[in-house]
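Observations on the three-dimensional arrangement
So you can see what is in the structure, the chains are spelled out below.
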Amino acid sequence: MTVDCKDLQRFLDGQMQAREQGRFRQHLGGCGACEARFRESMQLELLAHLAQAQQEVASSDAPAPSAPAERRARRTWLRGLRGLEVLVAGVAVWMILPFSLPWGGEQSAWLSAEGPRVLEGRVTYRAVDAHHRPYVPDRGADAAQSPVPSLPLQDLWRMEARGDLHGVATAYLLHGAPRQAQAFLKRMPASADRDCDLALLALEQARQEGSLDMRSARLEEALELLSGVLREWPRHPQALWNRALALSELGLPLLAADAFGEVARLGEPGWSEEAAQRERVLRESTSLRARAWKDAYASVRELVTDSSAPLPLAAAREHPGILRLGFYDAVRAAPSREAVLRLEPLARVLDERYGGSVLRTWLARVAERDFTHRGPLARLYGRLVMGSLAPAGEVLETLRRSGEEDLYLGALVLADSQRQPVDSQAVIRLARASGDPWMRVLADQEQAKLWQREGQWWKAEQRLLEALDTCQKQGLVYRCLGLQRRLADLYLDQHRPAEAFQHAWKGWARALEAREWRFEQEFLQELADVARYQHAFTTARAYLEESLGRMPEDCAQRTHVHRTVALLEWQRFRPEAARAALERAMECERPLGLTGAWVLSEMARSVPRPRDGALLRRALADLRRGPVSPGLESLLLVIEGQFLLAQPGSSGRELVHRALSMADLEPDSVDARKARAFGYSALLSEAGRTGAWDEALTLMAHELRVEPVAQRCLLAVSVQHERTLVLVRGPLGELKGTYSTGRQVPLRDEATGLVPAELVKELSGCEHVDVLTRPPVHGLAGLLPDSLAWSYRVGRGARGVPARTGPSTHLVVTEVASPPSLRLSRLAPLTPPRVPDPWRVELRGAEATPTRVLSEMAQASEVELHTHGLFSASQSDASMVVLAPEADGSYVLTVDKVRQARLSHAPLVLLATCGAARTAPFPHESFSLPMAFIEAGASAVLAASVEIPDSAGAFFERVRERIRAGERPSVALRDLRASWLLERPDDARWLSRVLLFE
């Protein structure tokens, strides 16, 4: 801990600076002992105040003491009382106060003092929000050092005594104590107002977060709470206002303006006027930026059709990216030498902006061409640019044979943008031959695309990263944006949202800075996809709606946004909303793409329409245009097979089996892995629907590559959206099962209640239970009660358990020198082993780097990591282990690093780090640190899915001792957990979330 409990006295006496007060408030919200002493001090403070009231009146002409001195004097008086006297006095005051003190609204008048309001957001407590007051942000340089008003403890105590929890929570919120405010709000009955204030709390916490990940999580929490309020009360003024602020915080001005507009139309005095002004500012600033970009784009496009159009020199200085892109087309479409040379001033301005003279050199070279030959071809090219001709067939062939290589290259780029098949090698050759850095980036992008299409995504990744580095050094901002978008796409295709987020977020920030409106739009959609992969559904929808609001006239954009919204609504278990979004996506009569095809396939079970079959066939045919990898084809077959399974008498089962066979041909393909997971989901649900328990268990064992399957004491669980299949074998080996279709909410972080009680009872006589599960269940806590000894059984596939050979060690990583920038508290040192341990090897301090730890683990038979755990959605999709920094600054042990390791002694691994068992919410694979260690060769992994205290290290060590003594890991965990809870009942929450993987 960075804050000590002994600081409570200084906090109560008002002896802390503003920043120190803030840190202690954060500590107070998470420390039960301090909170209890704090509440006791509040009550004693009031007793002292009342007892001294007459004495203070009598000596009113004496100098007034300072507030801290006054508090200390009261406590001196209280310390003179015996315990019984304090208790009697407390009871007396409790009985007298309700009759002797005015409990009316004037007691909380201090909450609604005159002057500017403290928060930009709106609270729902009427005494504070009833009258509008302007918000004036403190923009001073020392705003962080400004004094924080002290809370009147007596008033707080009175409010709590009369049950005004809302008022107490509001007071804490207004005085900058969010955790205390949250504690009181959560004690209130559920209501729209309570959820609105909780959302405001999350918004305020987001604004104070230094971590981008935590900020995003807080904003998602705020938006989700506010969405729930507005579904029930669409005109809830505070919810609309706070939603507008949250959307502004996300950088979504049009959606924020919409929410402020709703408030303005409510007609609340003061609030409506401020809302209308905010709406106007947001719309005007966004509109100005959009108009400037669109005007610049239109001005350079005009040069393609009108040789006498004015040269957009000023626009080229403001928007050099889109102007340079259009400049190439203007030169190519120029029908004469004079028309080409007329563009020289524009080339000069752009060269000055980017450095060098590459554009003027190219312009001069084009001007020397024979325009009796080139002129007609240039006019032909102009028609391609303006869309009156398609860049395909005879047109492309004419330009290829023409010898005008820049025209042919431009036509190939246009064809690719329209999803026409192109000669990739020709694009690469012509772009590199141009000698233009801008075109070399195009060649790198095309080469990466070619490798990705061939399944060599790692080559594509490396080429794009190298091109981005070169591009940034050359200052080609527009081209760098294109590379970052391609990288974000590649990582999403590989289902690596953390890495996609890095490029999408940086690309969006760079696009905003460069005022590249089109790229802003594209990165909004990338961010929406990242948020969807990370199950931040409300944020994802907000990004999509903002992108649609920016370009509502673009049919392709409308189709993309609405089909993605359809998927979001389906994932949130809102089938009717999903159907409505899909219908809107079809208004443009464009193919629905992979996303739309998947939603159609899923909705066939619950909200089908007669024309869905034809729409699905059209979408699949469009997706099969051009070369299709075995992985993608297997996924398309699963989509089609699943759709047919919902139709009576169909051949869907055969299609799915064919897809699974094809997926096995490309095991490293993400599409193939998705096809495998989704295909087995469909077959398992179908077996469950018909009560074919034996078939279902065989399918699951085959999918998970678990051999042999336990003949008794077994649990198997499969969840496919609304469908749940549970199978058990008790001590006698009889297979029983249940199948249901009633799930209405997504699985979150726990699986409590997923297994019906009657099936849990079947396992009561088991010494140990093998648990077979698939995503999204695998790795969740609470699947079985703590009274049972159980573990997640993980299949190994072809890799197998490594043989133990040669000497082995017991590796202990402790007292790690984590990077100071993380500001992590120093963990308590481990107690020395109780018995001599000749195998023990310790890595401490700066020695415990990721490279050193991985090296030592390779020869260990037992591994204990006692260090901090970290989850960062921008760095990894699962939890990470914090270690000492390497020479290059890297300090985390990630899933990917562990997967690449080779643990030759099949070690027992104990991850005594916070949240180490946290699993990424991927629908097609179990992605977590425990799974990575199993894949690397561990025989068993023990980890918790939540934060754990310092004392957890001793718990993990004792489990290891029992296992070394010969106990089965699951039995050791169960029995030690039970005995530990007898001594430490407060540890129940984290102990029940310690999971075992074998």
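Keep in mind that this is a model prediction, so the values were computed, not measured. (Residues numbered from 1 in each chain as written. Predicted model: local features only at pLDDT ≥ 70, side-chain atom pairs only at ≥ 80, totals over all residues. Heavy atoms only, no water.)

**A look at the overall build of the protein chain**
A count of helical and extended segments in the protein chain gives 45 helices and 14 strands. Across the 998 residues in the protein chain, those meeting the buried criterion constitute 53%. Partitioning the contacts of the protein chain with sequence separation of at least 6, the portion at a separation of at least 24 is 67%. (Helix = DSSP H or I, 4+ residues; strand = E, 2+ residues; numbered from the N terminus. Buried < 20%, exposed > 50% of the residue type's maximum accessible area, 1.4 Å probe, protein only. Contact = heavy atoms within 4.5 Å.)

**A look at helix 28 (residues 497–514)**
Helix length check: helix 28 (18 residues) gives 25 Å between terminal C-alpha atoms against 26 Å at 1.5 Å per residue, within 8%. Of the residues making up helix 28, those classed as buried are Pro497, Ala498, Glu499, Ala500, Phe501, His503, Ala504, Gly507, Trp508 and Ala511. Structurally, helix 28 contributes buried residues whose contacts are with helix 12 (212–232), helix 13 (237–250), helix 26 (457–474), helix 27 (477–493), helix 29 (517–533) and helix 30 (537–550). Phi turns positive one or two residues past the end of helix 28, at Arg515, with a value near 55 degrees. (Expected span 1.5 Å × (residues − 1).)

**Thoughts on the pairing of strand 13 (residues 940–944)**
Burial analysis of strand 13 places five of its five residues in the buried class, which makes it a mostly covered element. The alternating pattern of strand 13 places Ala940, Leu942 and Ala944 and Val941 and Ala943 on opposite faces, both of which are buried. Inspection of the sheet shows strand 12 (residues 908–912) paired to strand 13 by four bridges, in the parallel sense. When the bridges of strand 13 are listed, Leu908 appears paired with Ala940. The parallel pair strand 12 and strand 13, bridged by helix 42 (residues 929–936), forms a crossover whose chirality is right-handed. Examined bridge by bridge, strand 13 and strand 14 (residues 994–997) share four bridges and lie antiparallel to one another. What sits directly across from Ala944, in strand 14, is Val994. (Pairing = 2+ DSSP bridges. Right-handed = clockwise from strand over helix to strand, strands pointing away.)

**Examining the packing of aromatic side chains**
Under the definition given, this model contains 22 aromatic pairs. Judged by centre distance (4.7 Å) and plane angle (35 degrees), the rings of Trp598 and Phe678 are tilted. Of the two residues, Trp598 sits in helix 33 (residues 593–603) while Phe678 sits in helix 37 (residues 670–689), which places them 80 residues apart along the sequence. Every member of this aromatic cluster is reached through a ring pair, and the members are Phe327, Tyr328, Tyr354, Trp362, Trp438, Tyr478, Phe519 and Phe523. (Phe/Tyr/Trp six-rings, centres within 6.5 Å; stacked < 30°, edge-to-face > 60°.)

**Examining the side chain of Glu461**
For Glu461, the location among the structural elements is in helix 26. Residue Glu461 is classed as buried on the basis of its relative accessible area of 14%. With near-sequence residues (within four places) excluded, Glu461 lies in contact with Leu487, Leu490, Tyr491, Arg496 and Glu499.

**A word on the pattern of salt bridges**
Using the criterion set out here, one finds 78 salt bridges in the structure. Measuring nitrogen to oxygen at the nearest pair gives 3.0 Å for the salt bridge that ties Glu583 to Arg579. Of the two residues, Glu583 and Arg579 both sit in helix 32 (residues 575–585), four residues apart, roughly one turn of that helix. Taking the relative accessible area as the measure of exposure, Glu583 reaches 27% and is therefore partly exposed. Here Arg579 falls in the buried class, since its relative accessible area comes to 2%. (Salt bridge = Lys/Arg side-chain N within 4 Å of Asp/Glu carboxyl O.)

**Remarks on the confidence of the model for the protein chain**
Averaged over every residue, the pLDDT of the protein chain is 85; the share at 70 or more is 85%. For the protein chain, per-element mean pLDDT is lowest for helix 6 (residues 83–100), which scores 38, and highest for helix 14 (residues 253–264), which scores 97. Low pLDDT (under 50) marks residues 52–106, which in the prediction has 47 contacts with non-local residues, meaning those over four places away or in another chain. Below a pLDDT of 50 lies the segment residues 797–801, which in the model reaches eight contacts outside its immediate sequence neighbourhood of four places, other chains included. (pLDDT = per-residue confidence, 0-100.)

**Thoughts on the sheet that holds strand 9 (residues 869–870)**
One open sheet holds the three strands; their spatial order is 9-10-11, and the pairing between them is antiparallel. At either margin of the open sheet sits one strand with a lone partner, and together these are strand 9 and strand 11 (892–893). Here strand 10 (residues 880–882) pairs with strand 11 via two bridges, running antiparallel. Across the sheet, residue Val882 finds its bridge partner in strand 11, namely Val892.

**Details of unusual backbone geometry**
Cis peptide bonds are those with omega within 30 degrees of zero, and the linkage from Glu707 to Pro708 qualifies with -10 degrees. Residue Pro776 follows Pro775 across a cis peptide bond; omega there is 5 degrees. Here Pro776 lies in the loop between strand 4 (769–773) and strand 5 (790–792). For Arg515, which is not glycine, the phi torsion reads 55 degrees and is therefore positive. For Arg515, the position within the fold is in the loop between helix 28 and helix 29. For Ala906, which is not a glycine, the phi torsion comes out positive at approximately 45 degrees. As for its position among the elements, Ala906 is in the loop between helix 41 (895–899) and strand 12. By relative accessible area, Ala906 is classed as buried at 4%.

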